[in-house]
Amino acid sequence: MITAETIRSVPLFADIAEGEREAIAACAADVRLNAGDWLVQEGEAPSFFVVLAGELEVRKIIAGVDRVLTTYPTGVFFGEVPLLLGSPAVVSIRAREASRVMRLDPIDFRRLVLSSQVLSEQLVRVMAGRVGHLRDVALDEPFNVVTIVGDRWDLACHDVRDFLTRNRVMYEWIDPSDPSSRRPPGLDVQAEGYPLVVLPDGTRLVAPTLRRLANSLGLRTTANAEVVYDVAVIGAGPAGLAAAVYGASEGLRTVVIEREAPGGQAGTSSRIENYLGFATGISGGELSRRAWYQATRFGAEILVAREVTALEPAESDGGEHVVVLDRDERIRARTVVLASGVAWRTLDVEGIDAFLGRGIYYGAGRTEALGTRGKDVYLIGGGNSAGQAAMFFANYAKSVTLLVRGESLAASMSQYLIDQLATKANVAVATRTRLVGVAGSDHLESIVVEDVATGARRTPATDTVFILIGADARTDALPAALMRDSGGYVCTGRDMLELGTRACWPLERDPFLLETNIPGIFAAGDVRHGSIKRVASGVGEGSMTIAFIHRYLENQREARTGA
């Protein structure tokens with residue numbers, strides 16, 4: 001328990017009256033930390049702290065590198081910067097050794113500042129010094145940027161840029177056919193092929209595969225072949241990342257396999273405004289970044305740029321499942337969570353495939369944002385993904401037009417998005433309209449749209465169309481024995497028994513709620529039959545699978561020991 005005597009030796013409180021020290025001690029929490037324990041994480045709600053014993057380290061990720069900025073020995077106070085600025089915690093704090101810390105909640109800190117002119121002056125003076133230190137650290141950090149050289153209409157160049165964007169790797173893009181494109185001094189943009197990727201150390205990669213690029217950037221692509229994992233998660237969207245966080249945090253050896261980048265389809269969303277706890281919204285990329293960091297901090301291994309080519313179920317209940325990756329790399333796991341999500345549904349229009357990456361894009365990532373500046377852009381779809389994309393591209397494009405087959409947006413889009421779209425002067429919604437034709441030479445130059453009621457057609461000029469017309473399950477690599485519905489979605493729990501027969505389930509016990517017809521293999525998120533197709537529900541299902549996995553593994557232990 002914190003007392004007035006406890007804080008008497010702290011320099012901050014040395015010159016205040018005994019009654020003030022007693023008042024401060026009365027509302028302070030006594031926090032005990034072991035070496036390695038986290039006191040606060042960057043982005044969390046802040047508090048005010050004083051180190052009473054031990055030593056803490058201040059950490060912050062800068063340019064993708066987790067750095068120790070300084071240490072806080074006994075007697076140092078901190079936390080005043082975010083509290084006085086009204087921001088979340090700007091750094092992370094961890095104990096270097098066994099430590100004792102006094103904590104004041106924000107309302108008690110406010111009383112502290114207002115009650116004493118002496119304390120207020122000390123806090124503001126120290127705060128100014130710390131803000132200056134953070135500025136100096138950021139400016140002194142080498143600005144390591146990947147350089148990409150490639151034509152805008154090159155699909156491979158688009159894929160590389162999209163991969164780097166989604167994996168939070170900074171890059172500069174040079175279009176060799178554009179004379180106005182800025183060229184760094186001394187950079188030879190000529191190459192035997194494109195895209196050319198120049199790493200910060202000067203290494204040149206010509207038309208690299210995404211896996212080679214990931215390896216060159218230090219991203220993790222390989223699992224430990226000697227380990228039998230407790231949980232192998234296929235897919236790093238909201239459901240997969242939630243499973244990783246809960247699995248790793250609860251002591252399960254967890255590996256996640258992702259074909260592109262953490263975040264899945266939700267990671268490409270420019271703004272999610274109805275996710276619980278984020279009153280002003282959060283981008284899908286930022287939400288994914290936080291979840292990725294959280295999962296890796298707990299010890300989960302996240303592999304990127306890896307394709308799952310097959311899943312070999314255990315030969316008997318309680319055996320090891322095998323996840324087969326490209327190049328025949330094999331991962332053994334006691335349980336598997338299928339969280340591979342869905343793939344954008346393609347549009348059946350003659351000639352459209354010739355313009356993929358050359359003006360036609362499925363989904364609407366941030367990669368093409370600057371390329372839409374001052375242009376007339378078209379989005380096809382009437383769901384939330386299309387609405388969020390329209391709001392985002394409206395900040396760059398001359399005009400954004402939503403083509404919607406239905407009578408209105410009300411049946412498919414959240415009302416808050418409909419209301420926001422109505423406030424954008426450069427956003428138009430064309431209902432009862434569909435895309436029926438495309439035209440151009442080396443890239444898209446115009447489209448043909450049709451009024452579905454009258455059949456009337458028009459041909460607006462545009463070189464950018466984003467298609468967001470829903471998605472289909474991504475389950476081609478799964479074994480034939482795994483039960484799916486007619487749309488390819490994975491059946492689980494009671495739904496599996498209702499759609500099939502009792503014979504599809506091999507054990508005497510009932511399947512767990514999110515368990516497939518193969519014991520020990522679970523499904524969560526958009527890939528699952530009957531899923532809600534919302535970020536929040538995906539996160540919920542991903543976390544629920546870990547609860548069922550614990551029960552499954554406990555059953556296996558009891559079967560082995562005869563308990």
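Residues numbered from 1 in each chain as written. Predicted model: local features only at pLDDT ≥ 70, side-chain atom pairs only at ≥ 80, totals over all residues. Heavy atoms only, no water.

Student: Just checking my understanding: could you explain the overall build of the protein chain for this structure?
Tutor: The secondary structure content of the protein chain amounts to twelve helices and 29 strands. Here the C-alpha coordinates of the protein chain stretch approximately 85 × 70 × 50 Å along the principal axes. Carbon and sulfur atoms form 51% of the exposed surface of the protein chain, whose accessible area is close to 25900 Å². The average position of the 59 basic charges and that of the 70 acidic charges among the side chains of the protein chain differ by 2 Å. (Helix = DSSP H or I, 4+ residues; strand = E, 2+ residues; numbered from the N terminus. Areas by Shrake-Rupley, 256 points an atom, 1.4 Å probe, with all protein chains shown as cover. Lys, Arg positive; Asp, Glu negative; His and termini not counted. Charge placed at Lys NZ, Arg CZ, Asp CG, Glu CD.)

Student: Before we go on, may I ask you to explain the packing of helix H9 (residues 384-393) against helix H10 (residues 415-422) in this structure?
Tutor: Each packed pair of helices is defined by two parameters, the angle between the axes and the distance between the axes. At a minimum axis distance of 10 Å, the contact between H9 and H10 shows a crossing angle of 30 degrees. As summarised for this structure, H9 and H10 are arranged roughly parallel, according to the angle between their axes. The handedness of the crossing between H9 and H10 is left-handed. Within the contact between the two elements, H9 uses Asn384, Gly387, Gln388, Ala390 and Met391 and H10 uses Tyr416, Leu417, Gln420 and Leu421. Considering only residue class, the contact of H9 with H10 consists of five nonpolar, four polar and no charged. (Axes fitted to C-alpha atoms, helices over the stretch in contact; angles between N-to-C directions. Parallel < 35°, antiparallel > 145°, perpendicular 65-115°, else oblique. Left-handed = near helix turned anticlockwise from the far one by under 90°. Contact = heavy atoms within 4.5 Å. Nonpolar A, V, L, I, M, F, W, Y, C, P; charged D, E, K, R; others polar.)

Student: Explain the pairing of strand S24 (residues 433-440) here, please?
Tutor: Two faces belong to every sheet, and in a regular strand the side chains alternate between them. Alignment of S24 against strand S25 (residues 444-451), held across seven bridges, turns out to be antiparallel. Residue pairing in the sheet places valine 438 in a bridge with isoleucine 447 of S25. The turn joining S24 and S25, which pair antiparallel and follow one another in sequence, is formed by three residues. (Pairing = 2+ DSSP bridges.)

Student: When you look at the sheet that holds strand S9 (residues 146-149) in this model, what are you seeing that I'm missing?
Tutor: Pairing between the strands of a sheet comes from backbone hydrogen bonds, and it takes one of two forms, parallel or antiparallel. Ordered by their spatial adjacency, four strands build an open sheet running S10-S9-S11-S12, and the pairing between neighbours is mixed. Single-partner strands in this sheet number two, and they are strand S10 (171-174) and strand S12 (204-206). The sheet shows a mean angle of 20 degrees between the axes of neighbouring strands, taken without regard to direction. Examined bridge by bridge, strand S11 (residues 196-198) and S12 share three bridges and lie antiparallel to one another. Residue leucine 196 lies in a different strand from S12, and its bridge partner there is valine 206.

Student: Looking at this structure, how should I read the pattern of salt bridges?
Tutor: Should the charged atoms of two oppositely charged side chains come close, the side chains can pair. Following the criterion strictly, the structure yields 36 salt bridges and no others. Here glutamate 320 ties to arginine 332 by a salt bridge, and the two come within 3.6 Å at their closest N and O atoms. Pair noted here: glutamate 320 is in the loop between strand S16 (308-312) and strand S17 (321-325) and arginine 332 is in strand S18 (residues 330-338), with a separation of twelve residues, a long-range link. Arginine 330 serves as the salt-bridge partner of aspartate 328, at 3.5 Å between the closest nitrogen and oxygen. (Salt bridge = Lys/Arg side-chain N within 4 Å of Asp/Glu carboxyl O.)

Student: Help me understand the environment of alanine 559 in this model?
Tutor: With respect to the secondary-structure elements, alanine 559 resides in helix H12 (residues 535-561). The sequence separation of alanine 559 and glycine 318 amounts to 241 residues, and the corresponding C-alpha distance is 8.9 Å.

Student: Would you take a moment to explain the sheet that holds strand S8 (residues 99-104) for this structure?
Tutor: Pairing is antiparallel in the open sheet, where four strands are placed in the order S1-S8-S3-S6. The open sheet terminates on both sides in strands that have one partner only, identified here as strand S1 (29-33) and strand S6 (77-78). Looking at chain direction, strand S3 (residues 48-53) and S6 are connected through two bridges and run antiparallel. Note that in S6 the partner of valine 50 across the bridge is phenylalanine 77.

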